[in-house]
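# A structural walkthrough
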Amino acid sequence: MNDGLAERARELFAKEFGAQPEAIAFAPGRANLIGEHVDYNDGLVLPMPIDAGTAVAWARSDEVRMHVHAADLGESDSFEPDAPTKPGEVSWRSYVRGMAAKWEDELPPLKLLIIGDLPRGSGLSSSASLCIALGRAFAAATGTDIDPTSLARHAQRTEHEYAGVACGIMDQMAIAAGKPGHAMLLDCRDLSYEHFAIPGDWSVLIVDSGVTRGLVDGEYNARRQQCEAAARALGVDSLRDVRMEDLEAADLPQPEARRASHVVGEIVRVREAAKALQAGDLARFGELLQEGHSSLRDLF
């Protein structure tokens, strides 16, 4: 977390609640270098945490209800921590209440202020960043020792049950277990991972295209259903278990055949990209990223 975001969180918390926070929890956003739409197919991905993220300033409260203020939106919410109800419409409140509802230890009433510097709808996982930051705040407030994988699964359940997005686990794992300056080769089947340092003469540049998207209205769930249908037709648990030659020999209908072709090819590309990263082979790494983007455009 940059010092400016932390200081801003403290100032806004004091302005909103009339006192200083006990602490500030932070979770970064993430950029996925390669491995798009393979996490929910048990595949391999290569994401990395970024500098920008979400800060949650928190303090215990003498009141009965939890009070939350989303500073970037100028909106607030309150609920009983032991019985958060699911909001009627999906919004930032869905993530806050979902994380609270699924927290295993008894959660005391808290005052929370949320602020971040991730552009919403930019594909940098602002929702997963929010969930992990909230989880870290809850863990600090309750003295809970929660490992990164368990925290990531907790955040994923919130996405599924409170936001209605059948997401995979990549975003949550990259944020909860990621290492600054490193890419994470994550196996989304068993959640094992390795960190690989970004070569010192490489830079990762994120450019805002100005196009926003949402996982639900962006047909994310439909793509997942098509991948699952392809796996069933091929008689496997997931597309992770399919080779390209098996796929080419099958007679899958469209668009399932195209979706499956992207996933199977993308998993191979991730393996190759990790090797190129370790070798410092920028030219090969760039070729693989371009191939992945073309596959997304044409097949997914």
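Structure: above.
A short tour of the structure in this document, coming up. Please read all numbers here as calculations on a predicted model, not as lab measurements.

Below, the discussion takes up helix H8 (residues 256-279). Compared with the 34 Å implied by 1.5 Å per residue over 24 residues, the 35 Å span of H8 between its first and last C-alpha is a close match. One or two residues past the end of H8 sits Gly280, with phi positive at roughly 70°.

If you look at the biggest cluster of nonpolar residues, it comprises 83 residues, and the most contacted ones within it are Leu46, Leu112, Leu134 and Phe138. Residues within four places of Leu46 in sequence aside, it is in contact with Asn32, Leu33, Ile34, Ala183, Met184, Leu185, Val270, Ala273, Ala274, Leu277 and Phe285. Listed in part, the 13 residues of the second largest apolar core include Ala9, Leu12, Phe13 and Ile24.

Together, Glu80, Asp82, Glu104, Asp105 and Glu106 make up a region of like negative charge exposed at the surface. Judged by relative accessible area, which is 36%, Glu80 ranks as partly exposed.

Enumeration over the complete set of coordinates arrives at 17 salt bridges. Across the pair Arg269 and Glu266 runs a salt bridge whose closest N-O atoms are separated by 2.8 Å. Of this pair, Arg269 and Glu266 are both found in helix H8, 3 residues apart, which corresponds to roughly one turn of the helix. One network of salt bridges, in which partners are shared, links Asp42, Arg189 and Asp241.

If you walk through the whole model with that rule in mind, you get 3 aromatic pairs. Judged by centre distance (4.8 Å) and plane angle (50°), the ring pair of Phe13 and Phe17 falls under tilted. Of this pair, Phe13 and Phe17 both sit in helix H1 (residues 3-17), 4 residues apart, roughly one helical turn. The aromatic ring of Phe300 is capped on one face by Arg259, whose charged end is 5.8 Å from the ring centroid.

Looking at the element boundaries, Gln172 is found in helix H5 (residues 170-177). With relative accessibility at 1%, the residue Gln172 sits in the buried group. Discounting residues that sit within four places of it in the chain, Gln172 has contacts with Ala128, Ile132, Ala152, Ala155, Gln156, Glu159 and Cys167.

The buried count for strand E3 (residues 66-70) comes to 4 of 5 residues, which makes it a mostly enclosed element. Two elements, E3 and strand E4 (residues 75-79), share 5 bridges in a ladder whose sense is antiparallel. From the neighbouring strand, His69 faces E4, where its bridge partner is Ser76. Counting the residues in the hairpin turn of E3 and E4 gives 4 residues, including Gly74, whose phi is positive at 70°.

This part covers the side chain of Arg30. Relative to the helices and strands, Arg30 resides in strand E1 (residues 23-34). Taking relative accessible area as the criterion, Arg30 reaches 6% and is therefore assigned buried. From its side chain, Arg30 meets the backbone oxygen of Gly123 in a polar contact 3.0 Å long. There is a polar contact of 2.7 Å between the side chain of Arg30 and the side chain of Asp171. Apart from the residues within four sequence positions on either side, Arg30 is in contact with Pro47, Met48, Pro49, Ile50, Gly123, Leu124, Ser125, Met170, Asp171, Ala174 and Ile175.

A few words on the packing of H8 against helix H9 (residues 282-299). Contact geometry for H8 and H9: axes closest at 9 Å, N-to-C directions at 170°. Of the possible angle classes, the one that applies to H8 and H9 is roughly antiparallel. Residues Arg258, Arg259, Ser261, His262, Glu266, Arg269, Glu272, Ala273, Ala276 and Leu277 of H8 form the contact with H9, whose own contacting residues are Arg284, Phe285, Leu288, Glu291, Gly292, Ser295, Leu296, Asp298 and Leu299.

What follows deals with the packing of helix H4 (residues 148-162) against H5. With their axes 8 Å apart at the nearest point, H4 and H5 run at an angle of 145° to one another. Seen along the crossing, H4 lies across H5 with a hand that is right-handed. Judged by residue contacts, Pro148, Thr149, Ala152, Ala155, Gln156 and Glu159 of H4 engage Gln172, Met173, Ala176 and Ala177 from H5. In terms of residue class, the contact of H4 with H5 is built from 6 nonpolar, 3 polar and 1 charged.

Rules used in this analysis
Residues numbered from 1 in each chain as written. Predicted model: local features only at pLDDT ≥ 70, side-chain atom pairs only at ≥ 80, totals over all residues. Heavy atoms only, no water. Helix = DSSP H or I, 4+ residues; strand = E, 2+ residues; numbered from the N terminus. Expected span 1.5 Å × (residues − 1). Core = buried A, V, L, I, M, F, W, Y, C linked by side-chain atoms within 4.5 Å. Buried < 20%, exposed > 50% of the residue type's maximum accessible area, 1.4 Å probe, protein only. Contact = heavy atoms within 4.5 Å. Patch = residues over 30% accessible without salt bridge, like charges linked within 9 Å, V, L, I, M, F, W, Y side chains within 5 Å. Areas by Shrake-Rupley, 256 points an atom, 1.4 Å probe, with all protein chains shown as cover. Salt bridge = Lys/Arg side-chain N within 4 Å of Asp/Glu carboxyl O. Lys, Arg positive; Asp, Glu negative; His and termini not counted. Charge placed at Lys NZ, Arg CZ, Asp CG, Glu CD. Phe/Tyr/Trp six-rings, centres within 6.5 Å; stacked < 30°, edge-to-face > 60°. Lys NZ or Arg CZ within 6 Å of the ring centre and 35° of its normal. Pairing = 2+ DSSP bridges. Polar contact = N/O pair within 3.5 Å; in protein donor to acceptor, adjacent residues only side chain to side chain. Axes fitted to C-alpha atoms, helices over the stretch in contact; angles between N-to-C directions. Parallel < 35°, antiparallel > 145°, perpendicular 65-115°, else oblique. Left-handed = near helix turned anticlockwise from the far one by under 90°. Nonpolar A, V, L, I, M, F, W, Y, C, P; charged D, E, K, R; others polar.

Everything listed here is a matter of coordinates, which is why it stays silent on function.
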